[in-house]
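# Structure at a glance
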Amino acid sequence: MKIVNSIEELRTGLAQEKGVGRSVGFVPTMGALHDGHLSLVKQGVEENDVCVVSIFVNPTQFNDRNDLATYPRTLDKDCAMLEAAGCDYLFAPSEAEMYPVPDTRRFDFGTLSQVMEGAYRPGHFNGVAQIVSKLFDAVKPDRAYFGEKDFQQIAVVRAMAKQLDLPVQIIACPILREEDGLAMSSRNVRLTPGQRQKAPLIARTLKESTNFVPGKSVREVMEYVVHTINNEQVMRVEYFEIVDGHTLEAIENWTDTTYPVGCIVVYCGEVRLIDNIKY
Ligand code: PAF
């Protein structure tokens, strides 16, 4: 695995690969890798001749300084995992490399970036679009892989690729879960043992709630999920919305869409956990 820190070096290396007709798969990450990331890398390795992974904790997508400061950073361990997973290039740039000058671009993805994460983390998706567009520009991948845990992020990245007319196929990969159902996340390591024990309640409740569809109304299902999780002392639901999986518009009736998805964010102690379920 080649480890490169500069965009120029990455471009030179990848130009040679593309020059001999090799396809390029790309997995953008913020590091602190877990099996969820590795499943994306595995798919990237299988479906392309060359697999590139980036590790960059992107400051412009954090609206909370503390979240940025405490985001786990485990580069040495990540390198070993990527090497073992068959990654060809690890791109690990510095902040100065990615933002030599402040990025003043403002994206507008309408509803897709305004609801849910967009409402609770103002500026988050603008930062995601800034960095992903810069990374796409550096890598110019044929395919890029994103985990469905960040369901809204995939919709935003697809919209961005369309707006910028980028010839990249965005591939959504299923959520990987721990044995007890907790969605894998870099943030899970910040849970105390007690919180870690409680955290699977989120996935369990979402799964249970699918049994009530279509018998109970959308509102009743929402109330069930929020109430059940909030009943646990260490948990606080920040939002739970049932939306059309394409437009991300909230639905009122099950018949409003053929693709209903429940998207949730829960604080478990101080740790912000995200998950979703298809109904
Ligand atoms: O999902 C993430 O880890 C990040 O939002 C991404 C896509 C790597 C952009 O910084």
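This text gives an overview of the structure that appears in the document.

## Some remarks on the sheet that holds strand β9 (residues 271-278)
- With antiparallel pairing, three strands are arranged side by side in an open sheet as β7-β8-β9. The open sheet terminates on both sides in strands that have one partner only, identified here as β7 (235-244) and β9. If you compare each strand with its neighbour and ignore which way they point, the axes differ by 15 degrees on average.
- Taken together, the nine bridges between β7 and strand β8 (residues 260-268) define a ladder with antiparallel strand orientation. Pairing of Phe-240 across the sheet is with Ile-264, part of β8.
- Along the sheet, helix α11 (residues 201-210) contacts β7, β8 and β9; its crossing angle with β9, the most-contacted strand, is approximately 20 degrees.

## Some words on unusual backbone geometry
- At the junction of Val-213 and Pro-214, the peptide bond is cis and its omega measures out at 5 degrees in the coordinates.
- Position of Pro-214 relative to the elements: it lies in the loop between α11 and α12 (218-230).
- With a phi angle near 50 degrees, Ala-32 is a residue other than glycine that sits in the positive phi range.
- Note on Ala-32: relative accessible area 10%, which makes it buried.

## Concerning the site of the ligand
- Neighbouring the ligand are the residues Pro-28, Thr-29, Met-30, Asn-58, Gln-61, Ile-131, Phe-146 and Gln-153.
- Within the side chain of Gln-61, an N or O atom sits 2.6 Å from an oxygen atom of the ligand.
- Interatomic distance of 2.7 Å between a side-chain N/O atom of Gln-153 and an oxygen atom of the ligand.
- Look at the ligand: alone it shows 290 Å² of surface, and the protein chains cover 89% of it.
- Partitioning the shell around the ligand into residue classes produces four nonpolar, four polar and no charged.

## Some points on the pattern of salt bridges
- Evaluation of the coordinates by the stated rule reveals 15 salt bridges.
- Across the pair Asp-103 and Arg-105 runs a salt bridge, and its minimum N-O distance is 2.7 Å.
- We classify Asp-103 as buried; its relative accessible area is 14%.
- For Arg-272, the salt bridge is made with Glu-238, and the minimal N-O distance between the two is 2.7 Å. Of this pair, Arg-272 sits in strand β9 while Glu-238 sits in strand β7, placing them 34 residues apart in sequence.
- Exposure remark for Arg-272: the relative accessible area of 12% places this residue in the buried category.

Cut-offs and rules
Residues numbered from 1 in each chain as written. Predicted model: local features only at pLDDT ≥ 70, side-chain atom pairs only at ≥ 80, totals over all residues. Heavy atoms only, no water. Pairing = 2+ DSSP bridges. Helix = DSSP H or I, 4+ residues; strand = E, 2+ residues; numbered from the N terminus. Axes fitted to C-alpha atoms, helices over the stretch in contact; angles between N-to-C directions. Contact = heavy atoms within 4.5 Å. Buried < 20%, exposed > 50% of the residue type's maximum accessible area, 1.4 Å probe, protein only. Near = heavy atom within 4 Å. Polar contact = N/O pair within 3.5 Å; in protein donor to acceptor, adjacent residues only side chain to side chain. Areas by Shrake-Rupley, 256 points an atom, 1.4 Å probe, with all protein chains shown as cover. Nonpolar A, V, L, I, M, F, W, Y, C, P; charged D, E, K, R; others polar. Salt bridge = Lys/Arg side-chain N within 4 Å of Asp/Glu carboxyl O.

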